[in-house]
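Examination of the molecular architecture
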Protein chains: 2
Amino acid sequence: MATSIRDVAKAAGVSVATVSKVLNGYTTVNEQTKEKVLKYVKELQFRPNLAARSLVGRRSMTIGIFLTTGLVHPFFTRILAGMEQALQARGYDLIYLARMSLGKEISLVQHCQSRNVEGVVVFGFQHENADFGELIESGLPAVFIDLDICEGRAGYITSDNREAMERAVAYLADLRHCRLAYIGGIKDSYADLHRLAGFQTGLARAGISYREEYRIAGDFTREAGYLAMQRLLALPEPPTAVLCCSDMSAIGAIEAIREAGLSVPEDISVLGFDDIELAEYIQPALTTIRQDMTTIGRRAVELLDELIVDEKLAPPEVIVPTELVVRQSCGPAKV
Amino acid sequence: MATSIRDVAKAAGVSVATVSKVLNGYTTVNEQTKEKVLKYVKELQFRPNLAARSLVGRRSMTIGIFLTTGLVHPFFTRILAGMEQALQARGYDLIYLARMSLGKEISLVQHCQSRNVEGVVVFGFQHENADFGELIESGLPAVFIDLDICEGRAGYITSDNREAMERAVAYLADLRHCRLAYIGGIKDSYADLHRLAGFQTGLARAGISYREEYRIAGDFTREAGYLAMQRLLALPEPPTAVLCCSDMSAIGAIEAIREAGLSVPEDISVLGFDDIELAEYIQPALTTIRQDMTTIGRRAVELLDELIVDEKLAPPEVIVPTELVVRQSCGPAKV
DNA sequence: ATGAAAGCGCTAACAC
DNA sequence: GTGTTAGCGCTTTCAT
């Protein structure tokens, strides 16, 4: 049996209540008693049982993480690395509820309840199966990454998709492109909508008119990028520059361009989104928009903590700036 | 307040003991009472509080994960994806103890105890700071990935590094290479030792003698690969093929070769290890040894489960086969 | 077959 | 300033 608070009390010759008070930083305890207790806590290597603690109504210091996409999200590691910083700073542990799945028999929310999880960060693409209704209604504090859910005790954090696309369009316009296409993500998903809006206002600012045939919906994958690019190439007047909703789509698009006997960036410029590790290594190295997933991860936990601690805090809506990283996949428009 | 077992008991008109028995699959309960209880469990959406459960000595169904490397391990995602399968199948949740750090003030082991964690899987490179002594002594079930620790209640799982290298050498020998170099990982680390052994027996089988100057120690990084290759290139008689301990090192080696005005695989063949996502995308696409990290992750959890369940089980030592994936970075030796 | 009651480790009134 | 005690939600003897 692990050492319990009673062992410490016995060793120090005080009551369990006193030990508890010392442990919880009550000031109503004599300095010397406190020293003595602390001495035995150390000596016996005592650590309070968190299950018992949370059972009596105290905090569990546990937050959950949920991915709508399974574990294959390209940013998972970066987001987690960011989360870790805040987790450590605020004293939480992170639990991955393997059995949980939104809308399934054993629901996320119920599972969180039975585990005394104080809040969750959820991310992943929009997903037909993802039913967040129960989560919202339950009042469990939640921070969504890349989904603009702001309701009850759920807020969100996301990259500045709109501004990112505006800037990307401006960059390409400076390179004298005027036939710009957009290979989108899942149609009408949050990210896609905002990026499209940024694309359009960017176009307007550059004095270029938006053409519906230059917008193809996709789903962030390489295959979708490949297919979308083929359609673009088949147009009577193909674009000279293509903005993709993800680096993987950009990679697919580049393949399609190559297969058509064209080259990047000489014939067509390709711009990605995300700046995944790959972006730097492919040929040509991908010019792309870097999402600061480390910051997003860290802030997500911080926001969640604030939401947990302050019951009446309005749910956060946070937008994180992006960065255009110029490599070799975009060049001046052919004249 | 969430619904408790008492609410169910009250609703069903039975005692809490009976509800508990139903929930825990006791057979000593009348079929009709059981039905009734189950009906209310469902109706009230009751889920037993896991903290309370583990407090009365039952299992917490929680396993921990610990990385000696922080979150930047290239396999993290794949291992986790594998783990997830087993986690779901066996009913565990995974907790990432953010505050834990081996050898620090709040130790991994103590933290696990206070969280009632039943076992841990640990992975990452060998690390000077990594002191596993306390973990081993504590008797907490543990499965190490890529570290051959087998003692007490700790076992391990790893790729078949030795066989992988033997095969790689045989492959290169078939391509008529006879000046083979090995850019190693952290010197004398588990993986490195076994790979070196495989390298040497592979050489012996092919009738090639091992040359000490063809072995350079590294640390799995791109930089190390780059530096090591420069040293190899400076040799009076440089190798015609290089086996690297990681894909990242292979990428670094290729850079060094290019900078020397040579090309891969025409002048020098380069073989990687791991098969990270990048391997497929770089130029030339990397011929490499694929580690089956998904299987390793899944099996790690399964082994851990068995260790947890059976107190006197001998700690496992599991070797997982690898696969040579042939792409474009290796070619026939120049004559 | 069912229920009453003890107790897991801890915290929080409430006495003293 | 310190100790006694009830009780968090659950499982498990032990009666009945």
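Residues numbered from 1 in each chain as written. Chains lettered and ligands numbered in written order. Predicted model: local features only at pLDDT ≥ 70, side-chain atom pairs only at ≥ 80, totals over all residues. Heavy atoms only, no water.

Attention shifts here to the interface of chain A and chain B. Counting from both sides, the interface comprises 45 residues of chain A and, opposite them, 45 residues of chain B. Contact between chain A and chain B buries roughly 4100 Å² in total, counting both sides, with carbon and sulfur atoms accounting for 56%. At the boundary of chain A and chain B, one finds 4 salt bridges. With its nearest N and O atoms 2.7 Å apart, the salt bridge here joins Asp93 of chain A to Arg115 of chain B. Across the chain A-chain B interface, the total number found is 23 residue pairs in polar contact (both at pLDDT 80 or more). (Contact = heavy atoms within 4.5 Å. Buried area = accessible area lost by both parts, 1.4 Å probe. Salt bridge = Lys/Arg side-chain N within 4 Å of Asp/Glu carboxyl O. Polar contact = N/O pair within 3.5 Å; in protein donor to acceptor, adjacent residues only side chain to side chain.)

Around DNA strand C, a shell composed of 27 residues is seen, among which Ile5 and Arg53 of chain A together with Lys21, Thr33 and Val56 of chain B lie nearest. When the atoms of DNA strand C within 4 Å of the protein are sorted by group, sugar and phosphate make up 70%. Contacts to DNA strand C include Thr18 of chain B, whose side-chain N or O atom sits 2.7 Å from a phosphate oxygen. Between Thr33 of chain B and DNA strand C, the recorded distance is 2.6 Å, taken from a side-chain N or O atom to a phosphate oxygen. At the level of elements, helix H1 (5-12), helix H2 (16-23) and helix H4 (50-55) of chain A together with helix H2 (16-23) of chain B are the ones that each hand at least two residues to the surface near DNA strand C. Considering every element that reaches the surface near DNA strand C, the biggest residue donor is H2 of chain B, with 3 residues. Residues of the surface near DNA strand C, tallied by class, amount to 13 nonpolar, 9 polar and 5 charged. (Near = heavy atom within 4 Å. Helix = DSSP H or I, 4+ residues; strand = E, 2+ residues; numbered from the N terminus. Nonpolar A, V, L, I, M, F, W, Y, C, P; charged D, E, K, R; others polar.)

For the rest of this paragraph, the subject is the protein's contact with DNA strand D. Around DNA strand D lies a shell of 28 residues, among which Asn30, Thr33 and Val56 of chain A together with Ile5 and Arg53 of chain B are the nearest. Each atom of DNA strand D within 4 Å of the protein was classed as base or backbone; sugar and phosphate made up 67%. In this structure, a phosphate oxygen belonging to DNA strand D sits 2.7 Å away from a main-chain N or O atom of Asn30 of chain A. Between DNA strand D and Ile5 of chain B, the relevant distance is 2.4 Å, taken from a phosphate oxygen to a main-chain nitrogen or oxygen of the residue. Elements supplying a minimum of two residues to the surface near DNA strand D: H2 of chain A together with helix H1 (5-12), H2 and helix H4 (50-55) of chain B. Residue contributions to the surface near DNA strand D peak at 3 residues, all from H2 of chain A. In terms of residue class, the surface near DNA strand D is made up of 13 nonpolar, 10 polar and 5 charged.

In this section: the sheet that holds strand S6 (residues 180-183) of chain B. Residue and element names in this part refer to chain B. An order of S7-S6-S8-S9-S10-S12 is seen for the 6 strands of this open sheet, with the pairing classed as mixed. Edge positions in the open sheet fall to strand S7 (215-216) and strand S12 (323-325), since each of these has one partner strand only. One ladder, built from 4 bridges, connects S6 with strand S8 (residues 241-244); its direction is parallel. For Tyr182, the partnering residue across the bridge sits in S8 and is Leu243. Lying on the sheet, helix H9 (residues 190-205) is in contact with S6, S7, S8 and strand S9 (269-274); it crosses S6 at an angle near 175°. (Pairing = 2+ DSSP bridges. Axes fitted to C-alpha atoms, helices over the stretch in contact; angles between N-to-C directions.)

Here we come to the pairing of S6 of chain B. All names here are of chain B. What you see with S6 is no split at all: Leu180 and Tyr182 on one side and Ala181 and Ile183 on the other are buried throughout. Relative to S7, S6 is paired through 2 bridges, and the arrangement is parallel. Counterpart to Tyr182 in the pairing with S7 is Arg215. For the crossover from S6 across H9 to S7, the handedness is right-handed. (Buried < 20%, exposed > 50% of the residue type's maximum accessible area, 1.4 Å probe, protein only. Right-handed = clockwise from strand over helix to strand, strands pointing away.)

A few words on the relation of the copies chain A and chain B. Both copies of the chain are related through a single rotation about an axis accompanied by a shift along the same axis. At an RMSD of 0.2 Å, chain A and chain B line up after a rotation of 180° and a shift of 0.1 Å along the axis. What we have between these two chains is a two-fold relation. (Least-squares fit on C-alpha atoms with pLDDT ≥ 70 in both.)

On the surface, a cluster of nonpolar side chains totalling about 260 Å² of accessible area is made up of Leu55 and Val56 of chain A together with Leu55 of chain B. Secondary-structure assignment places Val56 of chain A in the loop between H4 and strand S1 (62-67). (Patch = residues over 30% accessible without salt bridge, like charges linked within 9 Å, V, L, I, M, F, W, Y side chains within 5 Å. Areas by Shrake-Rupley, 256 points an atom, 1.4 Å probe, with all protein chains shown as cover.)

Before going further, it helps to examine the UniProt feature "domain: HTH lacI-type" (unreviewed entry) in chain A. Within this numbering scheme, the UniProt entry marks residues 3-57 of chain A as carrying the feature "domain: HTH lacI-type" (unreviewed entry). Across residues 3-57 of chain A, helical content stands at 64% and strand content at 0%; the span's end C-alpha atoms are separated by 22 Å. (UniProt positions renumbered as here; feature names shortened; annotations may be inferred.)

Residues and elements named next belong to chain A. Scanning the model with the defined rule gives 33 salt bridges over all chains in all. In this structure, Asp305 engages Arg90 in a salt bridge whose closest nitrogen and oxygen atoms are separated by 2.8 Å. One end of the pair, Asp305, is in helix H12 (residues 293-309); the other, Arg90, is in helix H5 (residues 76-90), with 215 residues separating them in the sequence.

Next up on the list: the packing of aromatic side chains. This structure, assessed with the given rule, holds 11 aromatic pairs over all chains. A centroid spacing of 4.9 Å and a plane angle of 85° characterise the contact between Phe132 of chain B and Phe144 of chain B, whose relative ring orientation is edge-to-face. Remark: Phe144 of chain B occurs in strand S4 (residues 142-145) and Phe132 of chain B occurs in the loop between strand S3 (119-123) and helix H7 (133-138); sequence separation between them is 12 residues. Just as Phe132 of chain B is buried, Phe144 of chain B falls in that class too. Note on Tyr156 of chain B and Tyr190 of chain B: the rings are 5.9 Å apart at their centroids and 70° apart in plane angle, and the pair reads as edge-to-face. Taken as a pair, Tyr156 of chain B in strand S5 (residues 154-159) and Tyr190 of chain B in helix H9 lie far apart in primary sequence, 34 residues in all. The pair formed by Tyr156 of chain B and Tyr190 of chain B is uniform in burial state, with each residue classed as buried. Among the aromatic residues, those joined into a cluster by ring pairs are Phe76 and Phe123 of chain A together with Phe76 and Phe123 of chain B. Sitting above the plane of the Phe273 of chain A ring, Arg195 of chain A keeps its charged end 3.6 Å from the centroid. (Phe/Tyr/Trp six-rings, centres within 6.5 Å; stacked < 30°, edge-to-face > 60°. Lys NZ or Arg CZ within 6 Å of the ring centre and 35° of its normal.)

Residues and elements named next belong to chain B. The end-to-end C-alpha distance of helix H3 (residues 31-43), which contains 13 residues, comes to 18 Å, matching closely the 18 Å that a straight helix rising 1.5 Å per residue would cover. For H3, the full list of buried residues reads Thr33, Val37, Tyr40 and Val41. With its buried residues spanning 110° around the axis, H3 presents them on a single face. Residues of H3 that are exposed and point more than 90 degrees away from the buried face comprise Gln32, Lys42 and Glu43. Buried residues along H3 sit in contact with H1 and H2. Among the residues of H3, the N-terminal cap falls to Asn30, whose side-chain oxygen and the backbone nitrogen of Gln32 are separated by 2.6 Å. In the segment just after H3, Gln45 is the residue with positive phi, at about 55°. (Expected span 1.5 Å × (residues − 1). Arc of directions from axis to C-beta.)

Attention now goes to the environment of Asn116 of chain B. Mapped onto the secondary structure, Asn116 of chain B falls in the loop between helix H6 (108-114) and S3. Along the sequence, Asn116 of chain B and Thr62 of chain B sit 54 residues apart, while their C-alpha atoms lie 7.5 Å from each other. With residues up to four places along the chain from it excluded, the contact list for Asn116 of chain B reads Asn49 and Ala51 of chain A together with Ser54 and Ser60 of chain B. Separated by 3.4 Å, the side chains of Asn116 of chain B and Ser54 of chain B make a polar contact.

Residue and element names in this part refer to chain A. One open sheet holds the 6 strands; their spatial order is S7-S6-S8-S9-S10-S12, and the pairing between them is mixed. Both outer strands of the open sheet, strand S7 (215-216) and strand S12 (323-325), are each paired with one neighbouring strand and no more. Along the sheet, helix H8 (residues 161-174) contacts strand S6 (180-183), strand S8 (241-244), strand S9 (269-274), strand S10 (287-290) and S12; its crossing angle with S9, the most-contacted strand, is approximately 160°. Sheet strands touched by helix H11 (residues 247-259): S6, S8, S9 and S10. Its angle to S9, the strand with the most contacts, is close to 160°.

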